[in-house]
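Structural description and commentary
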Amino acid sequence: MRAGEQRNGAERVADSFRIAVFASGTGSNFQAIVDAVAAKKLDVTIGLLVCDRPQAAVVERAEKAGVDTFAFRPKEYASREAYEAEIVQELERRGIDLIVLAGYMRILTETLVAPYYGRMINIHPSLLPSFPGIRAIEQAWEHGVKTTGVTVHYVDGGLDSGPIIAQRPVDIREEDTLDSLAAAIHAVEHELLPHTIGLIRAGRVSLDDRRVRIAGE
Ligand code: GRF
């Protein structure tokens, strides 16, 4: 097969599964997804970045990667539901199959959660249900746990409470500082998030009430 034919074939497959990433800040997890796609380790199309802070570094990363962005200022809307309704329109327009929350710092309402339940995942830097909410790495550090980690879960209406898809532990060593722990957790996130998206894309993940099953694991 010639190079052009191969490329066309790959594009056709990738086009059939479209994800949207929601992020508010640095976007290192967004970058990990971009890199996995570029390296052909993850066969999806990143159809949209949604960001509630137009000045965030992640917006620049999306520009560089050629990913469409919907950046908005929450204050310019009458309610959460109002901007979420606009986001839903943007998602539907692009035929998004899966939403990936990767450091998206806004509370979600039913406007977004209901239509995408089972098609929206979040990455959280602790072993849920321990340390939900903000500053999870700091919470675990301050609590003095010996093992923390990373969780990828489906999103429901609660705070980091949806069905768990994947978890990886990260041990806290004697010589760790908060910074070295955060770096270790982010390194695990950057591997686990693209991996989990790949499992969903491959149709291997099924949701049965709270229990998530992964075929072949
Ligand atoms: C990550 O630690 C993620 O688990 C949490 O927010 C952070 C986002 O970091 N939900 P980044 O913007 O992807 O670098």
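Everything below is about the structure shown above.
Our subject in this report is the structure included herewith. (Residues numbered from 1 in each chain as written. Predicted model: local features only at pLDDT ≥ 70, side-chain atom pairs only at ≥ 80, totals over all residues. Heavy atoms only, no water.)

1. Structural notes on the pairing of strand 4 (residues 98–101)
Here strand 4 shows no split at all, with L98 and V100 on one side and I99 and L101 on the other all buried. Two strands pair when backbone bridges link them, and strand 1 (residues 18–22) and strand 4 are joined in this way by four bridges, in the parallel orientation. Residue pairing in the sheet places A20 in a bridge with I99 of strand 4. The pairing of strand 4 with strand 5 (residues 120–124) spans three bridges and is classified as parallel. Bridging from a neighbouring strand, L101 pairs with N122 of strand 5. (Buried < 20%, exposed > 50% of the residue type's maximum accessible area, 1.4 Å probe, protein only. Helix = DSSP H or I, 4+ residues; strand = E, 2+ residues; numbered from the N terminus. Pairing = 2+ DSSP bridges.)

2. Observations concerning the nonpolar core
Residues I19, L49, I121 and I197 are the most contacted members of the largest nonpolar core, which totals 43 residues. Take this core: its biggest share by element is nine residues, from helix 7 (residues 178–201). Not counting chain neighbours up to four residues away, the residues in contact with I121 comprise L98, I99, V100, L101, V152, H153, Y154, V155, I165, L193, I197 and I200. If you look at the next biggest cluster of nonpolar residues, it comprises 20 residues, including F22, L101, Y104 and M120. (Core = buried A, V, L, I, M, F, W, Y, C linked by side-chain atoms within 4.5 Å. Contact = heavy atoms within 4.5 Å.)

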